[in-house]
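# Structure at a glance
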Amino acid sequence: PAVIPLSILATGFFISALVPLLMVFLSLHKKSKLILINSLCVLIVNIILNLILIPKYGIIGAAIATAISNLVLFLSVVIETYSLYHLNLFSLKMLLIGLSSILPLVLIIAFRYLFPHNIGVLTFVVLIAFVVYVISLLKLKVVDNTDKNILRMFGKKINIKILKAVLRLIGE
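An account of the accompanying structure is given in this report.

What counts and how
- Residues numbered from 1 in each chain as written.
- Predicted model: local features only at pLDDT ≥ 70, side-chain atom pairs only at ≥ 80, totals over all residues.
- Heavy atoms only, no water.
- Helix = DSSP H or I, 4+ residues; strand = E, 2+ residues; numbered from the N terminus.
- Contact = heavy atoms within 4.5 Å.
- Axes fitted to C-alpha atoms, helices over the stretch in contact; angles between N-to-C directions.
- Left-handed = near helix turned anticlockwise from the far one by under 90°.
- Nonpolar A, V, L, I, M, F, W, Y, C, P; charged D, E, K, R; others polar.
- Core = buried A, V, L, I, M, F, W, Y, C linked by side-chain atoms within 4.5 Å.
- Buried < 20%, exposed > 50% of the residue type's maximum accessible area, 1.4 Å probe, protein only.
- Patch = residues over 30% accessible without salt bridge, like charges linked within 9 Å, V, L, I, M, F, W, Y side chains within 5 Å.
- Areas by Shrake-Rupley, 256 points an atom, 1.4 Å probe, with all protein chains shown as cover.
- Salt bridge = Lys/Arg side-chain N within 4 Å of Asp/Glu carboxyl O.

Relative to the helices and strands, Met-94 resides in helix 5 (residues 92–100). As for Met-94 and Val-142, which are separated by 48 residues in sequence, their C-alpha atoms are 8.3 Å apart. Among residues more than four places away in sequence, those in contact with Met-94 are Leu-87, Asn-88 and Leu-89.

As structure tokens, this is what we get:
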């Protein structure tokens, strides 16, 4: 009996998987009021849909209301980020960036099952995954000059932190 509502909810959550990332993007650009307005509007949509759908359809109605609310939030955030910053999530470049993250994710999952869990192994795996991710971005040619400059700056900071961590581990 729970298969249908869970399937509906899973679809709604899959659709809205990018919402937290876009919310952070808006937050970094000091759009907290916009995030609040989005959240309140989606809350109102969800309450209204629940009042309409639950009496007639029960738990399936609640799942439909939540899925529709997630879709409304996703569409509003996508439209806002595009209109404010011209960030097109459906471009070929964005698709390639998303595909580039699959191999590092597989590496992290594989290492999780192959090696013991400790901070040293975790640090090593995350570093390797990051390097694989950057190499795949470069090979797919989705990194422009601005991105390369950011990666260079990030690389300099990472190298310093890694050097300090290695020195601490060997006791110097």
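What follows is about the packing of helix 2 (residues 19–28) against helix 4 (residues 59–85). Axis separation between helix 2 and helix 4 bottoms out at 10 Å; the angle between their running directions is 40°. Viewed along their axes, helix 2 and helix 4 form a crossing whose handedness is left-handed. On helix 4, the residues touching Val-19, Leu-22, Met-23, Phe-25 and Leu-26 of helix 2 are Leu-73, Phe-74, Val-77, Val-78, Glu-80, Thr-81, Leu-84 and Tyr-85. When its residues are assigned to classes, the contact of helix 2 with helix 4 shows eleven nonpolar, one polar and one charged.

Moving on, we come to the nonpolar core. Among the nonpolar cores identified, the biggest contains eleven residues, and these are Val-19, Leu-22, Met-23, Leu-26, Ile-35, Val-42, Leu-73, Phe-74, Val-77, Val-78 and Leu-89. Not counting residues up to four positions away in its chain, the partners in contact with Val-78 are Leu-22, Leu-89 and Phe-90.

Residues Leu-92, Leu-95, Leu-99, Ile-102, Leu-103 and Val-106 make up a contiguous nonpolar surface patch of about 580 Å² in total accessible area. Counting residues per element, the ones that place at least two in the nonpolar patch are helix 5 and helix 6 (102–114). If you trace the backbone, Val-106 turns up in helix 6.

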